[in-house]
Amino acid sequence: MKSSLLLCVALAVSLGFVLVAGFPRDPEDKEYVLVNNKCQCVTVTSKFIPSKENPGEEILERNIRILVPLQARENISDPSSPLRTTFVYRMTELCKKCDPVEIELGGEIYQAQQSTSCDKPETCYTYNRDKCYTTTFPFLYHGEIKSVPAVLTPTSCYAE
């Protein structure tokens, strides 16, 4: 655990950002989830495995799982927009952590952010189920066309 955390920090520093340590998928599992980005359908895990060349040595194995939503739209809030044909994944963007944390330095408390590129909106390839998405659509009623608001993710838009 200590060596995997150290490796993650070294990797993060070499890429120019600070990465928070992952969490195990299963308490008994040695595989750690580093990124679970539901907006872009990406999960990155890592675990130490015995080296094939030197069984007494462990090497870090990284697994990147990408689910490509085949019916994704260019604008996910607009069902009439064209289907998305290009999907771009950048590890630096997937691993960024924008939630501010409080740290104490010299007896004073400061707000710190673990990424420097948090002002750009994230491109989502599918719905974030925690966010409410709405759109308007034309509705023909008694010979008159009206724009009617419609909810695309009802469970996140309406309180229980």
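Details of the structure are given in the entry above.
Residues numbered from 1 in each chain as written. Predicted model: local features only at pLDDT ≥ 70, side-chain atom pairs only at ≥ 80, totals over all residues. Heavy atoms only, no water.

Chemist: For this particular structure, what's the right way to read the layout of surface pockets?
Modeler: Gaps left between atoms show up when a probe the size of a water molecule is rolled over them. A volume near 150 Å³ is recorded for the second largest pocket. Along the walls of the second largest pocket sit Asn37, Gln40, Val88, Arg90, Glu93, Leu94, Lys96, Lys120, Pro121, Glu122, Thr123 and Tyr125, which together make up its complete lining. (1 Å grid on protein atoms, 1.4 Å probe; cavity = no way out; pocket = protein on both sides within 12 Å on 5 of 7 lines; lining within 4 Å. Points joined across faces, edges and corners; volume = space filled by probe spheres on them.)

Chemist: What's the story with the packing of aromatic side chains in this structure? I'm lost.
Modeler: Given two aromatic rings, their pairing is described by the distance between the two centres and the angle made by the two planes. Under the counting rule described, the total for this entry stands at four aromatic pairs. Here Phe87 and Tyr125 contribute two aromatic rings whose centre-to-centre distance is 4.9 Å and whose plane-to-plane angle is 80°, an arrangement assigned as edge-to-face. On the criterion of sequence distance, the pair formed by Phe87 in the loop between strand 4 (58-66) and helix 2 (91-94) and Tyr125 in the loop between strand 6 (108-112) and strand 7 (134-141) is long-range, its members being 38 residues apart. When its relative accessible area of 23% is taken as the criterion, Phe87 is described as partly exposed. The class for Tyr125 is buried, based on a relative accessible area of 4%. Where Phe137 meets Phe139, the ring centres are 6.4 Å apart and the plane angle is 85°; that geometry is what we call edge-to-face. Assessed through its relative accessible area of 35%, Phe137 is described here as partly exposed. With a relative accessible area of 38%, Phe139 lands in the partly exposed category. (Phe/Tyr/Trp six-rings, centres within 6.5 Å; stacked < 30°, edge-to-face > 60°. Helix = DSSP H or I, 4+ residues; strand = E, 2+ residues; numbered from the N terminus. Buried < 20%, exposed > 50% of the residue type's maximum accessible area, 1.4 Å probe, protein only.)

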